[in-house]
Amino acid sequence: MEKLQKMVSEKPVVIFSKNSCCMSHTIKTLFVDFGVNPTIYELDEINRGKEIEQALAQLGCSPTVPVVFIGAQLVGGANQVMSLHLNRSLVPMLKRVGALWV
């Protein structure tokens, strides 16, 4: 859990993903299309990916990918991110943490 906290606190936007997950691809594309440069951890490619996935599950993330942190705060998965986007809360949140300037 300590490793997870360190990972999410180093950058404004952190996405935990898997290459095999289509929703992960969708969320990554959304942020990149906004002009955000998120830090992306592919849990199926990195060392200790399973351990990090278990830590995400302990935080209540289900499914465990994609999971987005903005400003070191857990936003949630694809449903939560899309809800924020649709109610126009996502862009102001990204601006607040310095991930988006326009």
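Under the annotation held in an unreviewed UniProt entry, the chain carries the name Glutaredoxin domain-containing protein and is attributed to Brassica cretica. One UniProt comment on the chain, placed under Subcellular location (unreviewed entry), says "Cytoplasm". Entered under Sequence similarities (unreviewed entry) in the UniProt record, the comment concerning the chain runs "Belongs to the glutaredoxin family. CC-type subfamily."

Secondary structure assignment for the chain yields five helices and four strands. In sequence order, the secondary structure elements of the chain are arranged as α-β-α-β-α-β-β-α-α. Since a compact globule built from 102 residues should have a radius of gyration of about 13 Å, the 13 Å found for the chain is in line with a globular shape. Each of the three principal axes of the chain carries a C-alpha extent, and together these read 35 × 25 × 20 Å. Each of the 102 residues in the chain was classed as buried or not, and the buried ones make up 44%. Expressed as a percentage of contacts within the chain between residues at least 6 apart in sequence, the contacts between residues at least 24 apart total 62%. Within the structure as shown, the chain displays about 6,000 Å² of accessible surface, and the carbon and sulfur contribution to it stands at 52%. Averaging the locations of the 10 positively and 8 negatively charged side chains of the chain gives two centres separated by 7 Å.

Taken N-terminus to C-terminus, the directions of helix α2 (residues 22-34) and helix α4 (residues 78-86) make an angle of 30 degrees; their axes are 10 Å apart at the nearest point. For α2 against α4, the interelement crossing comes out left-handed. The residues of α4 that touch α2, namely those facing Met23, Ile27, Leu30, Phe31 and Phe34, are Ala78, Val81, Met82 and His85. Across the contact of α2 with α4, the residue classes break down as eight nonpolar, one polar and no charged.

Let us now look at the pairing of strand β3 (residues 67-70). The alternating pattern of β3 places Val67 and Phe69 and Val68 and Ile70 on opposite faces, both of which are buried. Bridge analysis of β3 against strand β4 (residues 73-76) gives three bridges, and the strand direction is antiparallel. Along β4, the bridge assignment pairs Ile70 with Gln73. Connecting β3 to the antiparallel partner β4 that follows it, the hairpin turn spans two residues, and Gly71 within it adopts a positive phi of roughly 60 degrees.

The buried fraction of strand β1 (residues 13-17) is high, at five of five residues. Inspection of the sheet shows β1 paired to β3 by four bridges, in the antiparallel sense. Paired with Ile15 across the bridge in β3 is Val68. Where β1 and strand β2 (residues 39-42) come together, four bridges link them in parallel fashion. Bridging from a neighbouring strand, Ile15 pairs with Ile40 of β2.

Conventions we followed
- Residues numbered from 1 in each chain as written.
- Predicted model: local features only at pLDDT ≥ 70, side-chain atom pairs only at ≥ 80, totals over all residues.
- Heavy atoms only, no water.
- UniProt positions renumbered as here; feature names shortened; annotations may be inferred.
- Helix = DSSP H or I, 4+ residues; strand = E, 2+ residues; numbered from the N terminus.
- Rg over C-alpha atoms; globule rule 2.2 N^0.38 Å.
- Buried < 20%, exposed > 50% of the residue type's maximum accessible area, 1.4 Å probe, protein only.
- Contact = heavy atoms within 4.5 Å.
- Areas by Shrake-Rupley, 256 points an atom, 1.4 Å probe, with all protein chains shown as cover.
- Lys, Arg positive; Asp, Glu negative; His and termini not counted.
- Charge placed at Lys NZ, Arg CZ, Asp CG, Glu CD.
- Axes fitted to C-alpha atoms, helices over the stretch in contact; angles between N-to-C directions.
- Left-handed = near helix turned anticlockwise from the far one by under 90°.
- Nonpolar A, V, L, I, M, F, W, Y, C, P; charged D, E, K, R; others polar.
- Pairing = 2+ DSSP bridges.

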